[in-house]
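Analysis of the macromolecular model
Here is how the chains run, residue by residue.
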Amino acid sequence: MERDDRRETSVVAGIAAKAKAQAEALKATPPEPSKPALFDAVRRQGERAAALDVAGIVEGIKAASPKTREQYRRTIKRRLLDTGGVPDLAEVSRASWYPTRAALRAGLAETYRVAKREYDKAMRAGDVGLAARCIQRATKALDGLEAVSSAKAPAPVKVERSARQRLPSPKAGSWQARVYEAATPTMRPAIAVLWATGCRPAELEQGVDVYIGEGGALRVRIPGAKVSDKNHSGQPVRVLEIAQESQAGKALLAALDGKKRLLVQRKANRLSKDFLDRIRPRLPKGWTISAYSFRHQTAANLKADLKDPAEVAQAMGHRATRSQQAYGTKGQKQRGGGAVIQAKATHPAKETRGFVVSPPRPSTKNPSASLSL
């Protein structure tokens, strides 16, 4: 690594200065080794340095970007200089293992190079004792470099699959119906709303309005969660029209039980206990379904049914089309599709990176039956 004035400097800030300070502090030590013994030690360490490719590591440092060198400096300070020159690989995660090891190898190679340079200066000055101590530091650096180079990376941590990845295969049919049947009568209205709309548990906690609208349409009004006017995110309110002939629509009609309107409300933590204590034990082995699984499945069905990402975003309660990337994919759609016919939200959805909003499609619905917030 070079500065503009072409003077060579250490990749590790302070290594050279620290080496000089240590050399000064160790001047008064007993007895000096003979020069033949010192030369032999230097030869052996030179062979080790060649075997460990110290020169190649140093050249790699010079070729690294400024950002990489800065990352090396921070790691070296914390895991080498602050530990008295002993490399510290304790509690390094697998994700950061290789960058950390590369930084320590760079720091140890540089420490060896600085110590060897100081040895040459001491020998020219005739200070054999200081030269011997410089070789001791060089040896310590090579010992550390050898240990770090041969260290094994930690075993990979098993990452739990996301809710999207845990969705049952489309071949499993309507898994939501299995969940609905496993639920108690008290739980079923909330399950029906999740099934039909894919709303968030936090929205269900606020209360979701299920009602029969004009023309006898089955509709669900959802107060938004994760809404921020400052960040222009989330939909304060959205209304979904649900197909009454769908399984989810029939479950909602069963919850209405002949009434025109019903407020369905259940606390999010209560809903979690419903799944853990009652529903999951009654599902096929390997199904790790949660309330959020309904949201991922609804997204997959919406992407296949509505096709227009802007309309999908409104149905999901998003203000930008990019947000739906985190949810179920078209490949996870269920046979027969979902229950949502159309959606309207407080704000139009904004097209953002990753999705192209298709041109508006001619409406085949009766204008008098359009949704209203």
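Residue indices begin from 1 for each chain and proceed along its sequence in written order. Confidence filtering applies because this is a predicted model: local features only for residues at pLDDT of at least 70, side-chain atom pairs given and counted only at 80 or more, and all residues used for totals across whole chains, interfaces and linings. Excluded from the side-chain calculations are hydrogens and water; all other atoms, namely the structure's heavy atoms, are used.

Some details on the packing of helix α7 (residues 175-182) against helix α12 (residues 291-305)
Simply put, an axis is a line fit to the C-alpha atoms, just over the touching stretch for a helix, and the angle between two N-to-C directions goes from 0 to 180 degrees. Secondary structure elements follow DSSP: runs of H or I of four or more residues count as helices, runs of E of two or more count as strands, with numbering from the N terminus. Put simply, α7 and α12 touch, their axes get as near as 11 Å, and they point 150 degrees apart. Judged by the inter-axis angle, α7 sits roughly antiparallel to α12. Considering the relative orientation of α7 and α12, their crossing is left-handed. Residues Trp-175, Gln-176 and Val-179 of α7 form the contact with α12, whose own contacting residues are Ser-293, Phe-294 and Gln-297. Classification used: nonpolar for Ala, Val, Leu, Ile, Met, Phe, Trp, Tyr, Cys and Pro, charged for Asp, Glu, Lys and Arg, polar for all others including Gly. The class makeup of the residues in the contact of α7 with α12 is three nonpolar, three polar and no charged. Should an angle fall under 35 degrees it is taken as roughly parallel, and over 145 as roughly antiparallel, whereas 65 to 115 is taken as roughly perpendicular and any remaining angle as oblique. A crossing counts as left-handed when the near helix is turned anticlockwise from the far one by less than a right angle, and as right-handed when that turn is clockwise. We call two residues in contact whenever any of their non-hydrogen atoms come within 4.5 Å of each other.

Concerning the packing of aromatic side chains
Only rings of Phe, Tyr and Trp enter the pairing, Trp through its six-membered ring, and a pair is recorded when the two centres are within 6.5 Å. The plane angle decides the type: under 30 degrees is stacked, over 60 is edge-to-face, the rest tilted. One pass over the structure, following the stated rule, counts three aromatic pairs. Taking 4.9 Å as the distance between ring centres and 55 degrees as the angle between the ring planes, the aromatic pair formed by Trp-175 and Phe-294 counts as tilted. Highlighted residues: Trp-175 in helix α7 and Phe-294 in helix α12, separated in sequence by 119 residues. For Trp-175, a relative accessible area of 0% translates into the label buried. Think of it in three bands: with a 1.4 Å probe and only protein chains considered, a residue is buried below 20% of the maximum accessible area for its type, exposed above 50%, and partly exposed in between. We classify Phe-294 as buried; its relative accessible area is 1%. Judged by centre distance (5.8 Å) and plane angle (55 degrees), the rings of Tyr-180 and Trp-195 are tilted. A residue pair is termed long-range when its members are at least 10 positions apart, and Tyr-180 in helix α7 and Trp-195 in helix α8 (residues 188-197) qualify at 15 residues. Residue classification places Trp-195 among the buried positions, given a relative accessible area of 10%. An aromatic cluster is present here, built from Trp-175, Phe-275 and Phe-294 joined pairwise through their rings. Any Lys NZ or Arg CZ that is within 6 Å of a ring centre and within 35 degrees of that ring's normal is treated as a charge sitting over the ring. A cation over a ring is seen here: Arg-188 above Tyr-180, with NZ or CZ 5.2 Å from the ring centre. Here the basic side chain of Arg-261 rests over the ring of Tyr-211, its NZ or CZ set 4.5 Å away from the ring centre.

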